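# A look at the structure
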Amino acid sequence: MKTLVVLGAQWGDEGKGKVVDLLSEKADVIVRYQGGSNAGHTVVINDKKYVLHLIPSGILHKNKINIIGSGVVVEPEALIQEIKELKDKGIDCKGNLYISKRAHLIMPYHKIFDKESESKKGLKKIGTTGRGIGPTYVDKVARVGIRVCDLFEEEAFFRKIQENVAEANEIATKIFGLKPLDAEKIYNEYLDYGQVIKDFVCDTSYFINELWAKGKKIMMEGAQGTMLDVDHGTYPYVTSSNSTAGGACTGTGLSPKRIESITGVFKAYCTRVGSGPFPTELTDETGEMLRNRGSEFGATTGRPRRCGWFDVVAAKYSVMINGIDSISLTKLDVLSDLEDIYICDGYKYKNDILKTFPPELNIIENVTPVYKQFKGWKKDISQCRNYRELPDETKRYLDFIRNELSIDYALISVGSERNETIMMNSLF
Ligand code: GDP
Ligand code: IMO
Ligand code: MG
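Given the structure is predicted, the values throughout are model-derived calculations rather than measurements. Every residue gets a number counted from 1 within its own chain, in the order that chain's sequence is written. For this description, chains carry letters from A and ligands carry numbers from 1, given in the order in which they are written. Given that this is a predicted model, residues contribute local features only at a pLDDT of at least 70 and side-chain atom pairs are listed and counted only at 80 or more, while totals for whole chains, interfaces and linings are drawn from all residues. Here the side-chain values reflect all heavy atoms present in the structure, with hydrogen atoms and water set aside.

## Focus on the site of ligand 1
Being near a molecule or strand, for a residue, comes down to having at least one heavy atom within 4 Å of it. For ligand 1, the set of nearby residues contains 19 residues, the closest of which are Lys-16, Gly-17, Thr-42, Asp-333 and Ser-413. Nitrogen and oxygen atoms within 3.5 Å of one another constitute a polar contact, given that in protein one can donate a hydrogen and the other can accept it, and given that sequence-neighbouring residues count only through two side-chain atoms. A distance of 2.7 Å is found between an oxygen atom of ligand 1 and a backbone nitrogen or oxygen belonging to Thr-42. A distance of 3.1 Å separates an oxygen atom of ligand 1 from a polar backbone atom of Gly-415. The site holding ligand 1 turns out to be the second largest pocket. Each helix is a run of H or I in the DSSP string that is no shorter than four residues. Each strand is a run of E no shorter than two, and both are numbered from the N terminus. Sorting the residues of the shell around ligand 1 by element identifies α1 (16–24) and β3 (41–45) as the ones contributing at least two each. Side-chain classes are defined by residue name, with Ala, Val, Leu, Ile, Met, Phe, Trp, Tyr, Cys and Pro counting as nonpolar, Asp, Glu, Lys and Arg as charged, and the others, Gly among them, as polar. For the shell around ligand 1, a count of residues per class yields three nonpolar, nine polar and seven charged. Buried and open spaces are told apart on a 1 Å grid over the protein atoms alone, a cavity being a set of points where a 1.4 Å probe fits but cannot get out and a pocket being an open set with protein on both sides within 12 Å along at least five of seven lines. Residues with an atom within 4 Å of a point are the lining residues. In this description, a molecule resides in a pocket or cavity if more than half of its atoms sit within 2 Å of the grid points defining it.

Written as structure tokens, this is what we have:
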């Protein structure tokens, strides 16, 4: 196996960071394909915590090629800060990190518009991370975006900033009642950022394809999750990019013909941050208990994550949309104290039982989950390193998910550390 996509199969925060870090050992190249610093991937190595937002989680291994692909939106200040934080922890990105010239830049007005439009929405707000992600992708699609390569074409860059800031100021002053932004100040700031990152920047599309042709093992890392995908998620309560498998091609420049395997990272239960439908959400003390046991607080914004039971309807949809061929299940240990555990395998809507995930917001917001009940195992499983060592009750829970999704496990994670993992099938 030469190419593998690792993506979030639920609503984000499934533990992609841990899985990518773990699998990076066998990969040569790790490419992030979409999103921006809205992502927060926590990796724990020997009790030391690393939080990555933009840089692929492969950076924590020595001598790997880490690439920020063309589908990512880059906030230079956040990137420079992340490089610095890693350096302070003894990880030097020099020589191991490459940034696409085609990636779009998050500009100061994008962040301002993200926050202002959210506050204007009131109860209908999406609950974005406020990192300017949506407005940056809007500019990209409207064909007025500014890209990393523009940082090094000073005259053209200045003209673009002038044009964009003039338009942004119309919105800032007339719609949001804010003070106008200073184009020249932004220009100078961004030129300085360009100088700091210039050694990392290259045409990653050619680079990735050359690496592929040389037989290097390439892992493509998604941010967010399938149900937050702009096309396939719970629109409009989604992020503004394609976190699903197709994004791995458009966001890297590697052809769909090259993708050999896709592993979906699923949490053993579900979480969601921000607004939007979440059929299996638990607003009672069980939800609270999952939040506390699973430390379910956002790595980017610190917000408490909404928690609920594993949702087979959403999971099957995710397997279909992505063509997932293995399950990377995380946080199974978090369920260990529970008396009973539930899995939703249908949605009751009016007089019907739905087995497919509906596109209509109005339907998905009004379904009642149908549950299968499972007896809890009530044993510490965090020391298990082999499937055989798991309690029978745990196996019954795992078997049900495997049978419903009709795909096998690649790995089962029982703790945040690298070694707290049951490896089931080799992915590379
Ligand atoms: P990501 O955005 O998908 O990378 O996920 P996050 O990093 O935002 O959230 C997952 C959290 O769960 C992180 O703090 C991980 O360290 C932690 N984690 C990952 N796998 C496990 C596991 O199997 N058990 C436990 N208890 N924690 C885990
Ligand atoms: P990782 O990669 C969970 C959510 C936000 C909000 C919606 C839109 O760590 O799994 P945005 O700022 O992207 O415009 O916000 O998407 N969201 C995430 N939720 N994990 C993430 O990333 C997320 N990135 C964005 O909470 O509901
Ligand atoms: Mg996260």
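## Details of the site of ligand 2
In the vicinity of ligand 2 there are 20 residues, among which Asp-13, Lys-16, His-41, Thr-129 and Thr-239 approach most closely. For ligand 2, an oxygen atom lies 2.7 Å from a polar atom in the side chain of Lys-16. At a separation of 2.6 Å, an oxygen atom of ligand 2 approaches a polar side-chain atom of Thr-239. The protein chains shown are the only cover counted for residues, whose accessible areas, like all others here, come from Shrake-Rupley with a 1.4 Å probe. Here ligand 2 has 550 Å² of accessible area as a free molecule, and 97% of this is covered by the chains. Partitioned by chemical class, the residues of the shell around ligand 2 number seven nonpolar, ten polar and three charged. Residue ranges for the domains trace back to a domain assignment, done automatically or taken from a database. When residues of the shell around ligand 2 are assigned to domains, at least three map to each of domain 1 (3–97 + 203–423) and domain 2 (104–200).

## Things to note about the coordination of the magnesium ion (ligand 3)
As a benchmark, a tetrahedral metal site with four donors has ideal angles of 109.5 degrees, while an octahedral site with six donors has ideal angles of 90 or 180 degrees. Coordinating donors are taken to be N, O and S atoms lying within 2.8 Å of the metal, or within 3.2 Å when the metal is Na, K or Ca; because water is excluded from the atom set, some sites may appear incomplete. Within the protein, the atoms that donate to the magnesium ion (ligand 3) are Asp-13 (OD) and Gly-40 (O), at distances of 2.0 to 2.1 Å. Placement of the pair is Asp-13 in the loop between β1 (3–8) and α1 and Gly-40 in the loop between β2 (29–32) and β3, with a sequence separation of 27 residues.

## So, unusual backbone geometry
The omega torsion across Tyr-235 and Pro-236 is 5 degrees, close enough to zero to call that bond cis. Structurally, the position occupied by Pro-236 is in the loop between β10 (218–221) and α8 (245–250). One non-glycine residue, Asn-63, lies in positive phi territory at about 60 degrees. Residue placement: Asn-63 occurs in the loop between β4 (48–52) and β5 (65–68). The exposed category is assigned to Asn-63, whose relative accessible area is 69%. Only protein chains enter the calculation, and the probe is 1.4 Å; a residue is then buried if its accessible area is under 20% of its type maximum, exposed if over 50%, and partly exposed in between.

## Details of helix α7 (residues 204–213)
Listing the buried residues of α7 in full gives Thr-204, Ser-205, Phe-207, Ile-208 and Leu-211. Burial along α7 is one-sided: seen end-on, the buried residues are contained in an arc of 165 degrees. Away from its buried face, by an angle of more than 90 degrees, α7 presents the exposed residues Tyr-206 and Ala-213. In this description, contact between two residues means that some pair of their heavy atoms is separated by no more than 4.5 Å. Buried residues belonging to α7 abut β2, β5, β7 (97–100), β9 (201–202) and β10. In the segment just after α7, Gly-215 is the residue with positive phi, at about 90 degrees. Here the arc refers to the directions that run from the helix axis out to each C-beta atom.

## Focus: helix α10 (residues 312–322)
Among the eleven residues in α10, eight count as buried, and that is most of the element. By the burial criterion, the buried members of α10 are Val-312, Val-313, Ala-314, Ala-315, Tyr-317, Ser-318, Val-319 and Asn-322. N-cap assignment for α10: the residue whose side-chain oxygen lies 2.9 Å from the backbone N of Val-313 is Asp-311. Phi for Gly-323, located one or two positions after α10, is positive at around 70 degrees.

## What to know about the state of the cysteines
Here, the term disulfide refers to a pair of cysteine sulfur atoms separated by no more than 2.5 Å. The full count for this structure, using the stated rule, is zero disulfides. Just so you know, Cys-307 is unpaired, no disulfide at all, and the nearest cysteine sulfur is the one on Cys-270, 9.7 Å from it. Taking the relative accessible area as the measure of exposure, Cys-307 reaches 0% and is therefore buried. Summary of cysteine pairing: Cys-344 is not part of a disulfide, and the nearest cysteine sulfur, belonging to Cys-270, is at 8.8 Å. Cys-344 gets classed as buried once you look at its relative accessible area, which sits at 0%.

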